[in-house]
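Report on the structure
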Amino acid sequence: MTEPIFERLVLIGVGLIGSSVARIARARGDIARVVVANARTEATLARVNELGIADVCEIDLVRAVEGADCVMLCAPVGAYAALAAAIGPHLAPGSIVTDVGSTKQSVIRDIGPHLPQGVHFVPAHPMAGTEFSGPDAGFVELFRGRWCLLTPPPGTDPQAVERIKMLWERCGASISVMDPAHHDRVVAIVSHLPHLIAFTICGTADDLADETRKEVLQFAASGFRDFTRIAASDPVMWRDVFLNNREALLEMLARFTEDAQAMARAVRWGDSSYIEDKVNRGRKIRQALLDLHQA
Ligand code: NAP
């Protein structure tokens, strides 16, 4: 069998993403010789233990990272600064710290300063997910055929980047390396704004008068149903994503609001060709996604 990339991989956070990595690492055997799980609560670690998806479950952060050659942060991004401050002094020289957070400039801002000299930092974002969370939500196919975006700061050790790239390739993902600011703008439009719209539209429907609200649920057509699936996501994770990609998200929201106003104007004045043109652009984008096997 191929040698594992790491001796001891520590996952800080074992929800949807962390537990999927754990499952894959345990199933393949060529990612890490030992998989260590750490979470905030005993209950989560007890469940990880029951599921048998980690070799070691350790609630104490310092003990968890002891002797690790790779530490992967898989908690909500708002927790990263405190986690990095707590583990920083205990990381072995030559080890790699990586993460799976959905925002990248904030992660570099929050983790970077806490890492001692000689510890490599390779931020990553697997572009795969579902609306479910917790250790039961993970599964081995989650990253298969999906993208994982790496945003190493300038001067990062190329060998460290190569090992994280290899880890995600063994999880089934394709890799793209990009600048963190560019990453944040791209995900603002493809992921963060759609979630913001979904949370908002569900709120709007819920604010309707009793009678109408009942009918919204009873007759929910696929459009509204699709929004409710996205809106079922974890509130803490999304609160942290919005607050940590503030600028890019607000910029995309402003552009969207302008375009929505233009559509409203077309509806008001009966501008059929404007409406048709927009629907056609939507169809083209959907077809392009299907062609790329991303839908
Ligand atoms: P999740 O299912 O809600 O799991 C979060 C995990 O982090 C849990 O094990 C939780 O432990 C732990 N945790 C929470 N707060 C913590 C803290 N302060 N210190 C230590 N551990 C803490 O979340 P997820 O969906 O896997 O998301 C994890 C990360 O992946 C986030 O940064 C998110 O931005 C990123 N991401 C998510 C998706 C997605 O679609 N879900 C996709 C790509 C990337 P307890 O259960 O003990 O609280």
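Please refer to the structure placed before this passage.
Below: a short report on this structure.

What counts as what
As a convention, each chain's residues are numbered from 1 in the sequence order in which they are written. It should be noted that, the model being predicted, local features are given only for residues of pLDDT at least 70 and side-chain atom pairs only at 80 or more, the latter also being counted only at that level, while totals for whole chains, interfaces and linings use all residues. Only hydrogens and water are removed before side-chain values are computed, so all heavy atoms of the structure are retained for them. Strands are runs of DSSP state E lasting at least 2 residues, helices are runs of H or I lasting at least 4, and numbering of each runs from the N terminus. Within these notes, the globule rule equals 2.2 Å times the number of residues to the 0.38 power, and the radius of gyration is based on C-alpha atoms. Under the scheme applied here, a residue whose accessible area is under 20% of the maximum for its type counts as buried, over 50% as exposed, and between as partly exposed, the area being computed with a 1.4 Å probe on protein chains only. Whether two residues are in contact is decided by their heavy atoms: any pair within 4.5 Å suffices. The angle between two axes is taken between their N-to-C directions and runs from 0 to 180 degrees, where each axis is a line fitted to C-alpha atoms and a helix contributes only its stretch in contact. Note on angle classes: values under 35 degrees are labelled roughly parallel, values over 145 roughly antiparallel, values of 65 to 115 roughly perpendicular, and the remainder oblique. Each helix crossing is assigned a hand: it is left-handed if the near helix lies turned anticlockwise from the far helix by less than a right angle, otherwise right-handed if that turn is clockwise. For this scheme, ten residues count as nonpolar: Ala, Val, Leu, Ile, Met, Phe, Trp, Tyr, Cys and Pro. Four count as charged, namely Asp, Glu, Lys and Arg, and the remainder, Gly too, count as polar. A pair of strands is treated as paired once DSSP finds two or more bridges between them. Convention used here: a crossover is right-handed provided that the path from the first strand, over the helix, to the second strand proceeds clockwise when the strands point away from the viewer.

Another aspect to go through is the overall build of the chain. Helix and strand counts for the chain stand at 12 helices and nine strands. Relative to a compact globule of 295 residues, whose C-alpha radius of gyration would be 19 Å, the chain shows 21 Å and is just as compact. Structurally, the chain occupies a C-alpha span of about 65 × 40 × 35 Å along its principal axes. When the 295 residues of the chain are sorted by exposure, 42% land in the buried category. For the chain, long-range pairs separated by at least 24 residues make up 74% of all intrachain contacts whose partners lie at least 6 apart in sequence.

Before going further, it helps to spend a moment on the packing of helix H7 (residues 180-207) against helix H11 (residues 246-268). Remark: H7 packs on H11, axes separated minimally by 9 Å, with the N-to-C direction vectors making an angle of 65°. Between H7 and H11, the angle falls in the class roughly perpendicular. As H7 runs across H11, the sense of the crossing is right-handed. For the pair formed by H7 and H11, the contact residues are Asp 184, Arg 185, Ala 188, Ile 189, His 192, Leu 193, Leu 196 and Ile 197 on the first element and Ala 248, Leu 249, Glu 251, Met 252, Leu 253 and Phe 256 on the second. Split into classes, the residues belonging to the contact of H7 with H11 amount to 10 nonpolar, one polar and three charged.

With five of seven residues buried, strand S2 (residues 32-38) lies mostly within the body of the structure. Of the pairings in the sheet, the one linking strand S1 (residues 6-12) to S2 comprises six bridges and is parallel in character. Looking across to S2, one finds that Leu 11 is bridged to Ala 37. The parallel pair S1 and S2, bridged by helix H1 (residues 16-28), forms a crossover whose chirality is right-handed. The pairing of S2 with strand S3 (residues 56-57) spans two bridges and is classified as parallel. Counted as the bridge partner of Ala 37 is Cys 57 from S3. Of the crossover connections in this fold, the one passing from S2 over helix H2 (residues 42-51) to the parallel S3 is right-handed.

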